[in-house]
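This is what each chain is made of:
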Amino acid sequence: MAQKFRSLLDLCRRRGFLYQSAEIYGGLRGAYDYGPLGVELKKNILNSWWRRHVYYRDDVVGLDTSILTPHPVLKASGHVDEFTDLLVDCTLTKERFRPDKAPALTTDKNGHIPITAPDKDTALAWKKSIQEQFAPNVKITLEGKRILLHTLNIDQPDQRGQNGKIVFEMLDQDKKPLELAYHGYVEPNTNSPFLTDSRPFNLMFKTFLDPIDPIDRVIQTTIDHPNDSKPVIREAVDDVLKPSTVYLRPETAQGVFVNFEQVVRTMKTKPPFGIAQVGKSFRNEIRLEHGIFRTPEFEQLELEYFVAPWESKHYFKYWRKERYDWWLEHACHPENFRQRDHASDEMAHYATGCTDVEYLYPWGWGEVEGVAHRGNYDLTQHIKNTGANFEIVEDTPPVFSDAVKESGEGEADLIPTKLPAKYVPHVVESSCGLNRAMLAYLCDAFHQVEDSKGKPPRNVLKLDPRLAPIKCAIMPLTGKSEFNSLTQKVAKSLRRKGLFTVVESQKLKIGKRYYRHDEVGTPWCVTVDYQSLEDDTVTIRDRDTGNQERVHWKKVHQVIGNRLME
Ligand code: ATP
């Protein structure tokens, strides 16, 4: 499995899906650039989402809001205070931490992580210390002077000591350890083997809209407080920087909420209706992992669907299904996608329901999307902080919308009895990671076909043709100039239909050229051969069946266009 995933990553680099960002400067951890084929795949996923949820409907409109978000917006939404993971600093000093002596401790055959103390008493002290800091996330047993760590709770954020290079990683859903578990050397006779208490670490990237370098402001504030303690100086620095503080948004949703009233007014709409937004979000993740699965900069496809409170139960159910259907529509192996309802203690405090869509990546199940019933928490918070007019007012008694009437899932007891009926809409949100979607569909489509002659297997990306980066490759049979004119005519007719088309006129044999395109998922290859010169027909080869059919060159764009609509 790991080997297959490595082959996929190699393909992505080699064929222009993904590059390490700033590679010639040594790269930047967690940052990736999307190559010519990657950018097409990503765009096609996005287009499919937008088409289905905006263009095919009459109740969803788009929005594109600023990435830079002022402090008060994210303070009101709770992100400034609550958007945290737990971080643990390592207390080992450089002198005590001895990487040269550090054995890379991994799990034993039972999946436990053994740490051996110099003696029984030290082992007992270490056990107590770990228990105090990590219970109930880590279960510990003692065997003489050996401590065994097991059952790391997968639902808790991981805890990582940055300075001392001691790393705790979580287990995956199948209880298999994820990468390195513990790495370090601890001097005998220390009371605690490593770590400080865990502390919340805010995941937002902070920056400053200020013509004065914030570092200069910090230096000046420090100079102004020569005799004050660190906390006092810290508070003074916060005060000085607060007015210019902005954040790179950690989700696109807040931009939608703060514009709610403007959209209602300009589009003359009212619930049930939705606002779709696609864009970059940023999180200073403590742990970056699995390539583009978890990165500090990523793209989200988010849909906020606003509904009357008495219709929210229906629409939560509706969007869970609608979004899951979209995922399956493009999948080769639907069995590798699943929905997982959150337990009540997993959800954000304001949410009343949340269902993740998960994909079975090579390392286990991973979230690709969350569908959440956010209640009216966000709109209410922004009303409280700004007095914004986010209330819907109805002069006539509200009735169920047709869809809710049909489903019988309306909640009549929530309808206000007094007129005018006033309510703050509830929100059903679907939030999909575009980069994770791309990785999931790449894994889903990646096949290795064994070679009967004992050569290494060849790669085929069985991407849904609608997602495939290149829709058609035109191949003149040989490099002779007599094929040029017809080749260019077919290519032009496809390009004019907005289909990404390439001409493969390399001197490779035609079979090898087909295989090159199978590897990047091109669904159709068109060959211009000697017969084409006589009767203006060309062959269209299908990636998945290998079948070829002969059609007049002027029909190629129609045939391919029709297949893309199937
Ligand atoms: P996780 O638990 O995996 O960190 P999350 O529950 O924090 O995800 P949400 O806040 O629900 O994620 O964000 C919605 C979607 O955005 C996720 O389902 C995922 O597809 C995507 N996403 C979130 N964080 C990242 C990230 N750091 N890198 C790439 N995609 C991300």
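Scroll up a little and you will see the structure.
Basis of the calculations
- Each chain has its residues counted from 1, running along the sequence as written.
- Local features in this predicted model are restricted to residues whose pLDDT is 70 or higher, and side-chain atom pairs enter the listing and the counts only when it is 80 or higher, whereas totals over whole chains, interfaces and linings include all residues.
- Side-chain figures throughout are based on the complete set of non-hydrogen atoms in the structure, without hydrogens or water.
- Helix and strand labels come from DSSP, where a helix needs a run of H or I of at least four residues and a strand needs a run of E of at least two; each type is numbered from the N terminus.
- Categorising residues by exposure relies on relative accessible area from a 1.4 Å probe, with only protein chains included: less than 20% of the type maximum marks a residue as buried, more than 50% marks it as exposed, and the intermediate range marks it as partly exposed.
- Whether two residues are in contact is decided by their heavy atoms, any of which lying within 4.5 Å being enough.
- Per-residue accessibility takes into account occlusion by the displayed protein chains alone, with areas from the Shrake-Rupley method and a 1.4 Å probe.
- Residue proximity to a molecule or strand is established when one non-hydrogen atom of the residue lies within 4 Å of it.
- Between N or O atoms, a polar contact is any pair within 3.5 Å; within protein, one atom must be a potential hydrogen donor and the other a potential acceptor, and residues adjacent in sequence are included only when both atoms are from side chains.
- Under the grouping applied here, Gly and all other residues not named as nonpolar or charged are polar, the nonpolar ones being Ala, Val, Leu, Ile, Met, Phe, Trp, Tyr, Cys and Pro and the charged ones Asp, Glu, Lys and Arg.
- Each salt bridge in this description consists of a side-chain nitrogen of Lys or Arg and a carboxyl oxygen of Asp or Glu lying within 4 Å of one another.
- Strand pairing is defined by DSSP finding a minimum of two bridges between the two strands.
- Axes here mean lines fitted to C-alpha atoms, for a helix over just the part in contact, with angles spanning 0 to 180 degrees between N-to-C directions.
- The rule is short: rings of Phe, Tyr and Trp, with Trp giving its six-membered ring, pair when the centres are within 6.5 Å, and they are stacked under 30 degrees, edge-to-face over 60, tilted in between.
- Sitting over a ring, as applied to charges here, requires NZ of Lys or CZ of Arg to be within 6 Å of the ring centre and within 35 degrees of the ring normal.
- For our purposes a nonpolar core is just a set of buried Ala, Val, Leu, Ile, Met, Phe, Trp, Tyr and Cys residues, chained together by side-chain atoms within 4.5 Å.
- Orientation labels follow simple angle bins: below 35 degrees gives roughly parallel, above 145 gives roughly antiparallel, 65 to 115 gives roughly perpendicular, and whatever is left gives oblique.
- In a left-handed crossing the near helix is turned counterclockwise from the far helix by less than a right angle, and in a right-handed crossing that turn is clockwise.

### Some thoughts on the overall build of the protein chain
- A count of helical and extended segments in the protein chain gives 17 helices and 28 strands.
- Taken over 566 residues, the protein chain has a buried fraction of 49%.
- Taking as baseline every contact in the protein chain between residues at least 6 positions apart, the subset at least 24 positions apart corresponds to 67%.
- When the accessible surface of the protein chain is split by element, carbon and sulfur atoms take 52% of a total near 28,400 Å².

### A closer look at the site of the ligand
- Near the ligand lie 14 residues; those nearest to it are Glu285, Arg294, Thr295, Glu367 and Val368.
- Residue Glu369 places a main-chain N or O atom 3.3 Å away from an oxygen atom belonging to the ligand.
- Between the ligand and Gly433 there is a distance of 3.0 Å, counted from an oxygen atom to a backbone nitrogen or oxygen.
- Contact with the protein chains covers 79% of the free accessible surface of the ligand, which is 590 Å².
- Secondary-structure elements contributing two or more residues to the shell around the ligand are strand 15 (297-307), strand 18 (364-375) and strand 21 (426-433).
- The greatest single-element share of the shell around the ligand, amounting to 4 residues, is contributed by strand 18.
- Looking at the shell around the ligand residue by residue, the class counts come to 3 nonpolar, 5 polar and 6 charged.

### Brief notes about helix 11 (residues 377-386)
- What helix 11 keeps buried is the set Tyr377, Asp378, Leu379, Gln381 and His382.
- Where helix 11 is buried, its residues contact helix 3 (71-76), helix 8 (253-258), helix 9 (260-267), strand 15 and strand 18.
- Directly after helix 11, the chain includes Gly387, whose backbone phi takes a positive value near 75 degrees.

### Regarding the side chain of Thr221
- Within the secondary structure layout, Thr221 lies in helix 6 (residues 214-224).
- Beyond its immediate stretch of four places on either side in the chain, Thr221 contacts Ala236, Val237 and Val240.

### Describing the pattern of salt bridges
- Under the defined criterion, the tally for this structure stands at 36 salt bridges.
- A salt bridge links Glu329 to Arg52, with the shortest nitrogen-to-oxygen separation between them at 2.4 Å. Pair noted here: Glu329 is in helix 10 (residues 312-329) and Arg52 is in helix 2 (residues 36-55), with a separation of 277 residues, a long-range link.
- Given a relative accessible area of 18%, Arg52 falls into the buried group.
- For Glu358, the salt bridge is made with Arg338, and the minimal N-O distance between the two is 2.7 Å. Linking Glu358 in strand 17 (residues 353-361) with Arg338 in strand 16 (residues 337-341), this pair joins segments that are 20 residues apart in sequence.

### Considering the sheet that holds strand 4 (residues 68-70)
- Strand order in the open sheet formed by 3 strands is 4-13-12, and the pairing between neighbours is antiparallel. Edge positions in the sheet fall to strand 4 and strand 12 (205-208), since each of these pairs with one other strand and no more. Going from strand to strand, the sheet's axes swing by 40 degrees on average, the running direction of each strand aside.
- As defined by bridge partners, strand 12 adjoins strand 13 (residues 245-248) across 4 bridges and the pair is classed as antiparallel. Considered in strand 13, the bridge of Thr207 is made with Val246.

### Describing the packing of aromatic side chains
- Across all of its chains, the model carries 24 aromatic pairs by this definition.
- Members of the aromatic cluster, joined through ring pairs, are Phe5, Phe293, Trp326, Trp327, Phe337, Tyr359, Tyr361, Trp363 and Tyr441.
- Cation over ring: Arg320 sits above Phe316, and NZ or CZ is 5.1 Å from the ring centre.
- The lysine or arginine in question, Arg436, covers the ring of Phe293, its NZ or CZ lying 3.8 Å from the ring centre.

### Here's the deal with the environment of Pro72
- Looking at where Pro72 falls in the secondary structure, it is placed in helix 3.
- Exposure remark for Pro72: the relative accessible area of 55% places this residue in the exposed category.
- Sequence-wise, Pro72 and Asp58 are 14 residues apart; in three dimensions their C-alpha atoms are separated by 33 Å.

### Some thoughts on the sheet that holds strand 15
- The strand order across the open sheet formed by 7 strands is 3-14-15-21-18-17-16, and the pairing between neighbours is mixed. At either margin of the open sheet sits one strand with a lone partner, and together these are strand 3 (60-63) and strand 16. Averaged over all neighbouring strand pairs, the angle between strand axes comes to 25 degrees, with direction disregarded.
- In this sheet, strand 15 lies alongside strand 14 (residues 273-282) in antiparallel orientation, the contact comprising 10 bridges. Paired with Ile275 across the bridge in strand 15 is Glu304.

### A short note on the pairing of strand 13
- Pairing geometry for strand 4 and strand 13, over 3 bridges, is antiparallel. Across the sheet, residue Thr69 finds its bridge partner in strand 13, namely Tyr247.

### Quick notes on the nonpolar core
- Ranked by internal contacts, the top residues of the largest apolar core, which has 60 residues, are Phe17, Ile45, Trp327, Tyr361 and Leu461.
- Among the elements that take part in this core, helix 13 (residues 434-445) stands out by supplying 9 residues, more than any other.
- Core analysis: the second largest hydrophobic core is formed by 19 residues, Cys472, Leu486, Val528 and Val556 among them.

### With respect to the packing of helix 2 against helix 13
- Where helix 2 contacts helix 13, the axes come no closer than 10 Å and their chain directions differ by 105 degrees. Compared by their axis directions, helix 2 and helix 13 come out roughly perpendicular. Together, Gly38, Leu41, Lys42, Ile45 and Leu46 of helix 2 and Leu434, Asn435, Ala437, Met438, Tyr441 and Leu442 of helix 13 make up the contact between the two elements.
- Residues of the contact of helix 2 with helix 13, tallied by class, amount to 8 nonpolar, 2 polar and 1 charged.

### Here's the deal with the environment of Gly30
- Mapped onto the elements, Gly30 comes out in the loop between strand 1 (18-20) and strand 2 (32-34).
- The class of Gly30 is buried, set by a relative accessible area of 14%.
- Put simply, Gly30 and Phe293 are 263 residues apart on the chain and 9.5 Å apart in space, counted from C-alpha to C-alpha.

### Looking at the packing of helix 2 against helix 10
- It is the contact of helix 2 with helix 10, at a shortest axis distance of 11 Å, that shows an interaxial angle of 140 degrees. Taken as axis vectors, helix 2 and helix 10 run oblique relative to one another. Of the two elements, helix 2 crosses helix 10, and the hand of that crossing is right-handed. Facing Ile45, Ser48, Trp49, Arg52 and His53 of helix 2, the residues of helix 10 in contact are Trp319, Glu322, Arg323, Asp325, Trp326 and Glu329.
- The residue makeup of the contact of helix 2 with helix 10, split by class, is 4 nonpolar, 2 polar and 5 charged.

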